[in-house]
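# Commentary on secondary and tertiary structure
Listed below, chain by chain, are the residues.
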Amino acid sequence: ANWSEQPVLYISEKRLKERFLEKTSFKIYSNIGEPQFLLNGKKIKHEKGLNKVMFIANDVKLKKGENKLKVIVLKNGIEFTDEAVFMK
């Protein structure tokens, strides 16, 4: 996201589907603006990360079973999304 001239919106570590801790965090990379985080359809709080393209939601409590994370950025009238499913 830092070096790409193409639009990037990416949920990091989406292959790590199984989450075992009581609370987890999600890291998102976006070079097209600040994303909206939706967990199971509900907005969750997030903050800026270490640089201008990183955004983090910390201390997120997952429900038992399947949890769907969706991130959205609206840029120049175009909606960009990325999604991932995590299991607890």
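For the structure given in this document, a descriptive report is provided here. This one's a predicted model, so the numbers in the text were calculated from it and none came from an experiment.

Attention now moves to the overall build of the chain. Secondary structure summary: the chain contains zero helices and eight strands in total. Its helices and strands taken in sequence order, the chain reads β-β-β-β-β-β-β-β from the N to the C terminus. Taken over C-alpha atoms, the radius of gyration comes to 13 Å for the chain, in line with the 12 Å a tight globule of 88 residues would show. Looking at the 88 residues of the chain, the share that counts as buried comes to 33%. Long-range pairs, those at least 24 residues apart, make up 56% of the contacts in the chain with a sequence separation of at least 6. For the chain, the exposed surface amounts to about 6100 Å²; the carbon and sulfur share of it is 50%. Where the 18 positive side-chain charges of the chain centre and where its 11 negative ones centre are 3 Å apart.

This next bit is on the sheet that holds strand S4 (residues 42–43). Taking strand neighbours across the sheet as the criterion, the four strands line up as S4-S3-S7-S8 in an open arrangement whose pairing is antiparallel. Pairing within the sheet leaves two strands with one partner each, and these edge strands are S4 and strand S8 (78–87).

The next point concerns the packing of aromatic side chains. Taken as a whole and judged by the stated rule, the model has one aromatic pair. When the ring of Phe26 is compared with that of Phe86, the centres are 4.9 Å apart and the planes differ by 45°; the resulting orientation is tilted. One end of the pair, Phe26, is in strand S2 (residues 23–30); the other, Phe86, is in strand S8, with 60 residues separating them in the sequence. The exposure classification of Phe26 matches that of Phe86, with both residues buried.

What counts and what doesn't
Residues numbered from 1 in each chain as written. Predicted model: local features only at pLDDT ≥ 70, side-chain atom pairs only at ≥ 80, totals over all residues. Heavy atoms only, no water. Helix = DSSP H or I, 4+ residues; strand = E, 2+ residues; numbered from the N terminus. Rg over C-alpha atoms; globule rule 2.2 N^0.38 Å. Buried < 20%, exposed > 50% of the residue type's maximum accessible area, 1.4 Å probe, protein only. Contact = heavy atoms within 4.5 Å. Areas by Shrake-Rupley, 256 points an atom, 1.4 Å probe, with all protein chains shown as cover. Lys, Arg positive; Asp, Glu negative; His and termini not counted. Charge placed at Lys NZ, Arg CZ, Asp CG, Glu CD. Pairing = 2+ DSSP bridges. Phe/Tyr/Trp six-rings, centres within 6.5 Å; stacked < 30°, edge-to-face > 60°.

The quantities given are spatial measurements derived from coordinates; they are silent on function.
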